[in-house]
Every structure is written in structure tokens, then in C-alpha cells.
Amino acid sequence: DGGITQSPKYLFRKEGQNVTLSCEQNLNHDAMYWYRQDPGQGLRLIYYSQIVNDFQKGDIAEGYSVSREKKESFPLTVTSAQKNPTAFYLCASSMGVRETQYFGPGTRLLVL
Amino acid sequence: KQEVTQIPAALSVPEGENLVLNCSFTDSAIYNLQWFRQDPGKGLTSLLLIQSSQREQTSGRLNASLDKSSGRSTLYIAASQPGDSATYLCAVMGAGANNLFFGTGTRLTVIP
């Protein structure tokens, strides 16, 4: 069953803590993306990766980091430098960077 | 920077009605435009992708049109059903870009 999985569904972060959101795809897609969604705002791009071992900053990369060591996986770390991390995080993938993007179910991050 | 606007923010229609959702963008130099559907608390589902050289795309009861010169796209939904209730998002990829710019969406409610 092909698709994109994100875990966990809900994540709680304490002050000063780094947390990592998981994104895995078995669609054999080269490109992967992380977006942040806030109420009343459109999705905003955090990072994207066109191929393994390569990634580019999006519009709101500050306070976030990523890695792309495997084609199937693109984890996002929300660092303590991100002062307002509460949001809905969506991962997506596509065959190439200009192809149709397919989205995972999302992770909701809350701050304790 | 590309800005994408969707009006209205919310729309309620009785079941069976045909309806049009609007999307406008500020920079007409686009590569493609995508329409997505998002159910509450869920990820996005791709509905239609229109390349910059195309005028429209159809899938079942959905028809999306693109007028690049005026910076507008419409999503036409025929014979609406309660299951069509969701938020519809428009996203534009610029001609020289590798990422999508999203509108804030139109929340559609179809009343049985």
C-alpha cells in the first residue's frame, strides 16, 4: 500500500527541547517537502529536498533542521530556537520538484 | 514574491447546487497550479494540476480552469454533495521556483 506516513500524530514539546517529526514514503519519489500550517494562513514551506543528501531552505527555515540520508525518509527537527512551534506540520513528496505533490496525514505539535 | 488569494474564505450551499471557487495570484509567470482538498485535521489530497500551457483540467465532477494573463483560476464543482464539504486550497508554482505558494483556502459546506 503506497503512501506517505508521518509520526507521531500528536507531539508535545517542553521549553528548550528539540523534537523530531518523522516522514516516510514508499512511493519511490525523489523530492520531499516539509510545510507548516497555522490557522488562517496558507501552508508555508520549511525545507525541501530534491535528492538524497541534498536539501534547500524554504521560506521559514529558521529554528528547523532536516536530513535526507535515505530516499524514503525526510525527518524534521524542531529546535529550541523555534520560539513559536505550535502548528500542524505536513510532509509531502513528488516524483520531481515540479510534479504533483502528495501529502501525509500531518503531525500536530503542541508546546507544554 | 508570489501571493495567492482565495475568496470567499467560507461558502455554504445546498446539496445539488453547482458552485465555483476562486483563486487569484499576483505573478502570472507560473509553471503550474494545483487544487487540493483538506478535511479537518487531515493532510491534503491533490485534486487537479494544470500546467501553465493548459486552460483547464477535468476530473469527474470537478473542472479547474486557468487564465494566466489575468492571474486567476477557478474550481467548478458540479452537483455538490455533502461529502464535498472540506477546505479547498489553491497552490501555484512559479516559473523559476521549485516550491508551491498556497492560498488560505475556501471552507465549503454542502448542506443536505
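Calculation criteria
Residues numbered from 1 in each chain as written. Chains lettered and ligands numbered in written order. Predicted model: local features only at pLDDT ≥ 70, side-chain atom pairs only at ≥ 80, totals over all residues. Heavy atoms only, no water. Contact = heavy atoms within 4.5 Å. Buried area = accessible area lost by both parts, 1.4 Å probe. Salt bridge = Lys/Arg side-chain N within 4 Å of Asp/Glu carboxyl O. Polar contact = N/O pair within 3.5 Å; in protein donor to acceptor, adjacent residues only side chain to side chain. Helix = DSSP H or I, 4+ residues; strand = E, 2+ residues; numbered from the N terminus. Nonpolar A, V, L, I, M, F, W, Y, C, P; charged D, E, K, R; others polar. Core = buried A, V, L, I, M, F, W, Y, C linked by side-chain atoms within 4.5 Å. Buried < 20%, exposed > 50% of the residue type's maximum accessible area, 1.4 Å probe, protein only. Pairing = 2+ DSSP bridges. Axes fitted to C-alpha atoms, helices over the stretch in contact; angles between N-to-C directions.

Draft legend 1. Quick look at the interface of chain B and chain A. If you look at the interface, chain B gives 25 residues, while chain A gives 22 residues. Taken together, both faces of the contact between chain B and chain A bury some 1,700 Å²; the carbon and sulfur share is 53%. Taken as a group, Leu44(B), Asn98(B) and Phe102(B) account for 30% of the area that chain B buries against chain A, more than any other trio of residues on that side. Between the two partners, chain B and chain A, sit zero salt bridges. Linking chain B with chain A are three residue pairs in polar contact (both at pLDDT 80 or more). In terms of residues, the side of chain B that touches chain A owes the most to one element, strand β4 (residues 30-38) of chain B, which gives five residues. Partitioned by chemical class, the residues of the side of chain B that touches chain A number 11 nonpolar, 12 polar and two charged.

Draft legend 2. Expanded view of the nonpolar core. The biggest cluster of nonpolar side chains holds 23 residues, and the ones touching the most others in it are Leu33(B), Trp35(B), Leu75(B) and Ile77(B). Counting only elements with at least two residues in this core, the list comes to β3 (19-25), β4, β5 (44-51), β7 (62-67), β8 (72-77), β9 (86-94) and β11 (106-111) of chain B. In this structure, Ile4(A), Met32(A), Val66(A) and Val78(A) belong to the second largest nonpolar core, which totals 20 residues.

Draft legend 3. Region of interest: the sheet that holds strand β3 (residues 19-25) of chain A. Residue and element names in this part refer to chain A. Ordered in space as β1-β3-β8-β7, the four strands form an open sheet in which the pairing is antiparallel. Two strands in the sheet have a free side with no partner beyond their single neighbour: β1 (4-7) and β7 (64-66). Averaged over all pairs of adjacent strands, the angle between their axes in this sheet comes to 20°, without regard to strand direction. Bridge count for β3 against strand β8 (residues 76-78) is three bridges, and the pairing is antiparallel. Counterpart to Val19 in the pairing with β8 is Val78.

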